[in-house]
Amino acid sequence: MCPSGECTPSDYDSAVAWCRRSITSRHAMLSSSPTFHAEIRAAAIRHRMSYEGMHSLFRTVHVTHMKRSSGGVRSRTMRHVRSYLNGASILEL
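Cut-offs used in this document
Each chain carries its own residue numbering, running from 1 in the written order of its sequence. For a predicted model such as this one, the threshold for reporting local features is a pLDDT of at least 70, and the threshold for listing and counting side-chain atom pairs is 80 or more; totals across whole chains, interfaces and linings nevertheless cover every residue. Hydrogens and water molecules were not included; the side-chain quantities draw on all heavy atoms of the structure. In this analysis, a patch consists of residues with relative accessible area above 30% that form no salt bridge, clustered at 9 Å for like charges and at 5 Å for the nonpolar side chains Val, Leu, Ile, Met, Phe, Trp and Tyr. For every accessible area listed, the method is Shrake-Rupley and the probe measures 1.4 Å; residues are considered covered only by the protein chains on display. Salt-bridge detection follows one rule: a side-chain nitrogen of Lys or Arg within 4 Å of a carboxyl oxygen of Asp or Glu. Strands are runs of DSSP state E lasting at least 2 residues, helices are runs of H or I lasting at least 4, and numbering of each runs from the N terminus. Relative accessible area decides the class of each residue, using a 1.4 Å probe on protein chains only: under 20% of the type maximum gives buried, over 50% gives exposed, and in between gives partly exposed. In a helix, the anticipated span is given by 1.5 Å times the number of residues less one. Think of the arc as the fan of directions from the helix axis to the C-beta atoms. Any two residues whose heavy atoms approach within 4.5 Å at even a single point are treated as in contact. Bend, at a single residue, is the angle you get between axes fitted to the 7 residues ending at that residue and the 7 residues starting at it.

A. Structural view of a nonpolar patch on the surface. Taken together, M78, V81, Y84, L85 and I90 make up a surface patch of nonpolar side chains, about 550 Å² in accessible area. Of note, Y84 is situated in helix α4 (residues 77–85). The class for Y84 is partly exposed, based on a relative accessible area of 46%.

B. Examining unusual backbone geometry more closely. A positive phi angle, close to 55 degrees, is found at R26, a residue other than glycine. Structurally, R26 is set in the loop between α1 (9–24) and α2 (33–46). Phi is positive for R48, which is not a glycine, with a value near 55 degrees. Within the secondary structure layout, R48 lies in the loop between α2 and α3 (51–75).

C. Broad picture of α1. The terminal C-alpha atoms of α1 lie 23 Å apart, and with 16 residues this matches the ideal 22 Å at 1.5 Å per residue to within 8%. For α1, the set of buried residues is D11, A15, V16, W18, C19, S22 and I23. The buried residues of α1 occupy one face: seen down the axis, they fall within an arc of 160 degrees. Opposite the buried face of α1, by more than 90 degrees, sit the exposed residues P9, R21 and T24. Contacts made by the buried residues of α1 are with α2 and α3.

D. Quick look at α3. The first and last C-alpha atoms of α3 sit 36 Å apart over 25 residues, in line with the 36 Å expected at 1.5 Å per residue. The axis of α3 is deflected most strongly, by about 40 degrees, at S69. Every buried residue belonging to α3 is among G53, M54, L57, F58 and V61, and all of these are buried.

E. Spatial organisation of the pattern of salt bridges. Under the defined criterion, the tally for this structure stands at 1 salt bridge. D11 is the salt-bridge partner of R48, the closest N and O atoms lying 2.8 Å from each other. Taken together, the residues span a long stretch of sequence, with R48 in the loop between α2 and α3 and D11 in helix α1 at a distance of 37 residues. Using a relative accessible area of 42% as the deciding quantity, one classes R48 as partly exposed. Looking at D11, the relative accessible area reads 10%, which means it is buried.

Right, dumping it as structure tokens:
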């Protein structure tokens, strides 16, 4: 992932930690394509990775997060549907 071996294991570890924080905190970049690409570009520079490498790492961390959290979402689906039918907005859910 690191071009010509420029990033160190600690760069990689901090990049993974940044990805996890961005995902769990629901960073604004997750809902805006221009913001997403700008943040990935900035993170790539900060962690001495290529843009493509950072993007791929983020995608991998995001997929892992989704797989781990999908069971909980699935188990709460009917509760959310009932709340929505009773007038709750999507944002409230």
